[in-house]
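Residues per chain, in single letters:
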Amino acid sequence: MPQHYPFSAVVGSDDMALALILTAVSPSVGGVLIRGEKGTAKSTMVRALTGVLPPIDVVAGDRFSSAPTDRGTETPDGRIPADAPVEQRAVRLVELPIGVSEDRITGSLHLESALSDGVTVFEPGLLARAHRGLLYVDEVNLLHDHVVDLLLDAAAMGRVTVERDGVSVDHAARFVLIGTMNPEEGELRPQLLDRFGLTVEVAAPRDPELRAEVVRRRIAFESDPTGFASSFAADEAALAERIVAARELVDRVPMSPWALATIARVCAGFDVDGMRADIVTARTAAAHAAWQGRARITREDIRVAARMALPHRRRRAPFDAPGLDEDLLERLLGDDDEPDPEPDGDPDTESTDRAETPDGQPGTDGAPEADAPRDADTADAAAPSATDDTRADRGTDTHPDTELDADRGTEESDTRTNAAAPQRPDAEQDPDTVEEADRGDAPAGAPGGVPPGTVASAAGPYRTRLLSVAGTGHGAAGRRSRALTSSGRRIGSGHFTGSDLHLPATIRAAARWQAGRGRPGGLHGGRLLLAPEDLRSAVREGRESNLVLFCVDASGSMAARSRMEQVKTAILSLLLDAYRRRDTVGLVTFRGSGAQVALPPTSSVDIAATRLAELPAGGRTPLAEGLLATAEVLRIERVRDPRRRPLVVVVTDGRATHGPDALARSRAAAAGLASLGTTSVVVDCETGRFRMGLAAELAAQLGAEHVPLGEVTAEGLTDTVRARTHSRSPRNEVA
């Protein structure tokens, strides 16, 4: 067994270490989610945790890690004898691979026993192995949805039920779930996120001395793992003893009325969803008190618990980063710990003590204190600048939309002023100037001109219509386009892949060879004689995830008439839809004299939303360059991930104004993009009474679906279909 890096040797990750320790002290906390950038010792510390956990007692030889108290109960292997021997072993850390199959997680029929001996034997899965231990998922945000569903069921019930391949069993599966993830690679499904009791953010230290110490220790460990571990053996032993002592104390930490009221006030103040936040915060506060050697919960214990239990549970807008307002937390906690119980004494003395304050002033027993914690809304309104300073100190970016509100208000005021100003008659205007102003490509001082670099903000996202790739793919399981995947309805069989045995197809494949293999005929000819080539796996049809590549026109024509705000809202809504459907997204923008890949394809829809919010508009329209850049991204991604089918969403009004023969070059670029055989959608952003129809022509050139901007919403599409259906009804034709 390889030597793991010692837990106590990790430096610069105090929050992560504390969260893991509190989960070890009180497993009922519910596990830890560790979010952080690459190279921050996330996996190293999780794997080192087992080295400081106390061993557990199990029934000797039991495949399900049954405790001694479980003797006399039933397991899939039968009843555990009441006098079964007991042994002691270390806590297991079971790692769940990203591409694990369903039968490997929950367990399935033991094929060798079924085929060679004709008996049904259950082969336990990884969840059985993780019982009473740690289940670790690295890159947990990349798990397939069907795996997430299995983990949710097991975490909620504490048991695993298997109904497949002629097997019907259930067994205990209580484990501490620990996940690590890099937010740049995509966010976690909300249902699974809520199952983690605690969450912590980790980042590489910025102190040069601390960074140098990290490197020094890592080099020393790689040079001599055993010797390095020995140098920290005393620290590891002391840490293990402290965890054992805290485990013995945690059940004796009372949950006082003051502690419960404070926890409830904090959770309500942050507007968290459900009651799990209150329960987890209470358990974590008790665990922290026990870890500090106290038999009483203090204000500091609740503060530590709230910082870990609430960030991923508070309500926030789509794509907002998790986090807590530290200033608001302090106000909700109040200033004082729980008062000490008053000793029994002279009633007259007690009355006098309650009647006067330490300053000798009359007491205010029963009245609210002047500095009592206020509700969240009042607190926020009273000190907005303190909140902003706190966020800045934490390095948390404010939402770009918030920063733009003031500027947008100024722009809208200017637009109204320009609209109210008298205009020259059309006959007196230069046609080139009129066209230039209508496009929004005019200089800043021209009528209707949009200053280059103008940034508009998006409104709230809405539910969009489903955009999908035609045909049937073979990509990763998702929720967008039809595909042959690892989950879904069974539509046939194929060669055996090592999992998901299709038993009827296997029997049919073997039946025609029975006589040649020496099996007597008739119903009583004995067991079926099978060979490896007879095995068949199920072929299933479900939904796959796709690469949704946005090609966005950010020129001046899009900024005119508040069009960019509508466009950003539509794209933000499509990004939210892509997040829910587990897609990969990319962003190509074009404006001025060229195009750029604002975001290479990534699973992090949050980063795409941030890039979108920061996207400026203005200048001419290099449509050809945008389409060529999109085609180049597709060529690269086809090599990197050939199974993931792309869906190109071109957001434009179809105009091309940059360079010579701009429109002709854009049509040639569209023909080249269409030759790749990619499913495309053109979102037509042209508005107003008089339209040129260039986006519809572009869609025809691309072989793409043409979707007016107003029909991106599911409701907008429904209204349009109803209107068209109504206009074609026989009653209207007669009229």
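Residues numbered from 1 in each chain as written. Predicted model: local features only at pLDDT ≥ 70, side-chain atom pairs only at ≥ 80, totals over all residues. Heavy atoms only, no water.

Undergrad: So what's going on with the sheet that holds strand E17 (residues 536-544)? Residues and values would help.
TA: Ordered in space as E15-E17-E16, the 3 strands form an open sheet in which the pairing is antiparallel. Bordering the open sheet on either side are strand E15 (477-485) and strand E16 (489-495), each of which pairs with just one other strand. Going from strand to strand, the sheet's axes swing by 35 degrees on average, the running direction of each strand aside. Pairing analysis gives 6 bridges linking E15 to E17, with the strands arranged antiparallel. For Leu 484, the partnering residue across the bridge sits in E17 and is Glu 541. (Pairing = 2+ DSSP bridges. Helix = DSSP H or I, 4+ residues; strand = E, 2+ residues; numbered from the N terminus. Axes fitted to C-alpha atoms, helices over the stretch in contact; angles between N-to-C directions.)

Undergrad: Describe unusual backbone geometry, listing the residues and the values that go with them.
TA: A negative phi holds for most residues other than glycine; trans holds for most peptide bonds. You will see that Arg 132, though not glycine, has its phi angle at about 65 degrees, which is positive. Along the polypeptide, Arg 132 turns up in the loop between helix H5 (126-129) and strand E9 (134-138). Of note in this structure, Glu 139 is not a glycine but carries a positive phi near 55 degrees. When you line up the elements, Glu 139 lands in the loop between E9 and helix H6 (145-157).

Undergrad: An account of the packing of aromatic side chains is needed here, citing residue identities and associated values.
TA: Any aromatic ring pair is given by two values, namely how distant the centres are and how the planes are angled relative to each other. Using the criterion set out here, one finds 4 aromatic pairs in the structure. Taking the centre distance of 5.3 Å and the plane angle of 35 degrees together, the rings of Tyr 5 and Phe 228 count as tilted. Of this pair, Tyr 5 sits in the segment before helix H1 (14-25) while Phe 228 sits in helix H9 (residues 225-231); the two residues are 223 residues apart in sequence, bridging distant segments of the chain. Residues Tyr 5 and Phe 228 agree in their burial class; the two are buried. Their ring planes at 45 degrees and their centres at 5.0 Å tell us that Phe 228 and Phe 232 sit as a pair that is tilted. Members of the aromatic cluster, connected to one another through ring pairs, are Tyr 5, Phe 221, Phe 228 and Phe 232. Cation over ring: Arg 242 sits above Trp 291, and NZ or CZ is 3.7 Å from the ring centre. (Phe/Tyr/Trp six-rings, centres within 6.5 Å; stacked < 30°, edge-to-face > 60°. Buried < 20%, exposed > 50% of the residue type's maximum accessible area, 1.4 Å probe, protein only. Lys NZ or Arg CZ within 6 Å of the ring centre and 35° of its normal.)

Undergrad: Tell me about the side chain of Thr 569, and name the residues and values.
TA: Of note, Thr 569 is situated in helix H22 (residues 563-580). What makes Thr 569 buried here is its relative accessible area of 8%.

Undergrad: Give a description of the packing of helix H10 (residues 233-250) against helix H12 (residues 276-291) that names residues and reports values.
TA: Close contact between H10 and H12 brings their axes to 8 Å; oriented N to C, the two are set at 125 degrees. Between H10 and H12, the angle falls in the class oblique. Crossing of H10 against H12: the hand is right-handed. Between H10 and H12, the residues in contact are Leu 239, Arg 242, Ile 243, Ala 246, Leu 249 and Val 250 and Ala 286, Ala 287, Ala 290 and Trp 291, respectively. (Parallel < 35°, antiparallel > 145°, perpendicular 65-115°, else oblique. Left-handed = near helix turned anticlockwise from the far one by under 90°. Contact = heavy atoms within 4.5 Å.)

Undergrad: An account of helix H14 (residues 326-333) is needed here, citing residue identities and associated values.
TA: In terms of burial, H14 is a largely internal element, 6 of the 8 residues being buried. Among all positions of H14, only Asp 327, Leu 328, Leu 329, Arg 331, Leu 332 and Leu 333 are buried. N-capping of H14 is provided by Asp 325, with a side-chain oxygen placed 3.1 Å from the backbone N of Asp 327. Positive phi shows up at Gly 334, right after H14, with a value of about 85 degrees. (Polar contact = N/O pair within 3.5 Å; in protein donor to acceptor, adjacent residues only side chain to side chain.)

Undergrad: Tell me about a nonpolar patch on the surface, and please be specific about residues and values.
TA: A contiguous nonpolar patch, built from Val 214, Val 215 and Ile 219 and spanning about 230 Å² of accessible area, is present on the exposed surface. As for its placement among the helices and strands, Val 214 is situated in helix H8 (residues 208-223). (Patch = residues over 30% accessible without salt bridge, like charges linked within 9 Å, V, L, I, M, F, W, Y side chains within 5 Å. Areas by Shrake-Rupley, 256 points an atom, 1.4 Å probe, with all protein chains shown as cover. Salt bridge = Lys/Arg side-chain N within 4 Å of Asp/Glu carboxyl O.)

Undergrad: I'd like to hear about the sheet that holds strand E13 (residues 198-202), residue by residue, with values.
TA: Whenever strands of a sheet pair, they do so through backbone hydrogen bonds, lying parallel or antiparallel. Spatially, 5 strands are ordered E6-E9-E12-E1-E13 in an open sheet, and the strand pairing comes out parallel. Only two strands of the sheet have a single neighbouring strand rather than two, namely strand E6 (93-95) and E13. Averaged over all pairs of adjacent strands, the angle between their axes in this sheet comes to 20 degrees, without regard to strand direction. Of the strand pairs in this sheet, E6 and E9 are connected by 3 bridges, and their pairing is parallel. Its bridge partner being in E9, Leu 93 is matched across the sheet by Leu 134.

Undergrad: Go over the pairing of strand E24 (residues 705-708), please, and point to the residues and values.
TA: Examined bridge by bridge, strand E23 (residues 679-684) and E24 share 4 bridges and lie parallel to one another. For Val 681, the partnering residue across the bridge sits in E24 and is Glu 705. Each parallel crossover has a hand, and the one from E23 via helix H26 (residues 694-702) to E24 is right-handed. (Right-handed = clockwise from strand over helix to strand, strands pointing away.)

Undergrad: Give a description of H1 that names residues and reports values.
TA: Counted at 1.5 Å a residue, the expected span for H1 with its 12 residues is 16 Å, and the 16 Å between its end C-alpha atoms agrees. Among the 12 residues in H1, 10 count as buried, and that is most of the element. Inspection of H1 places Met 16, Ala 17, Leu 18, Ala 19, Leu 20, Ile 21, Leu 22, Thr 23, Ala 24 and Val 25 among the buried residues, and these make up the whole buried set. (Expected span 1.5 Å × (residues − 1).)

Undergrad: Could you give an account of the pairing of strand E1 (residues 32-36), with specific residues and numbers?
TA: In terms of burial, E1 is largely enclosed, as 5 of its 5 residues are buried. Because side chains alternate across E1, one face comprises the buried residues Val 32, Ile 34 and Gly 36, and the other comprises Leu 33 and Arg 35, equally buried. Pairing geometry for E1 and strand E12 (residues 176-181), over 4 bridges, is parallel. When the sheet's bridge partners are listed, Leu 33 is paired in E12 with Gly 179.

Undergrad: Residue-level account of the packing of helix H11 (residues 257-269) against H14, with values.
TA: Closest axis-to-axis distance for the H11/H14 pair is 9 Å, and the angle between their directions is 145 degrees. Between H11 and H14 lies a crossing of right-handed hand. When H11 is examined against H14, the residues Thr 262, Arg 265, Val 266 and Gly 269 are found in contact with a partner set consisting of Leu 328, Leu 329, Leu 332 and Leu 333. Split by residue class, the contact of H11 with H14 holds 5 nonpolar, 2 polar and 1 charged. (Nonpolar A, V, L, I, M, F, W, Y, C, P; charged D, E, K, R; others polar.)

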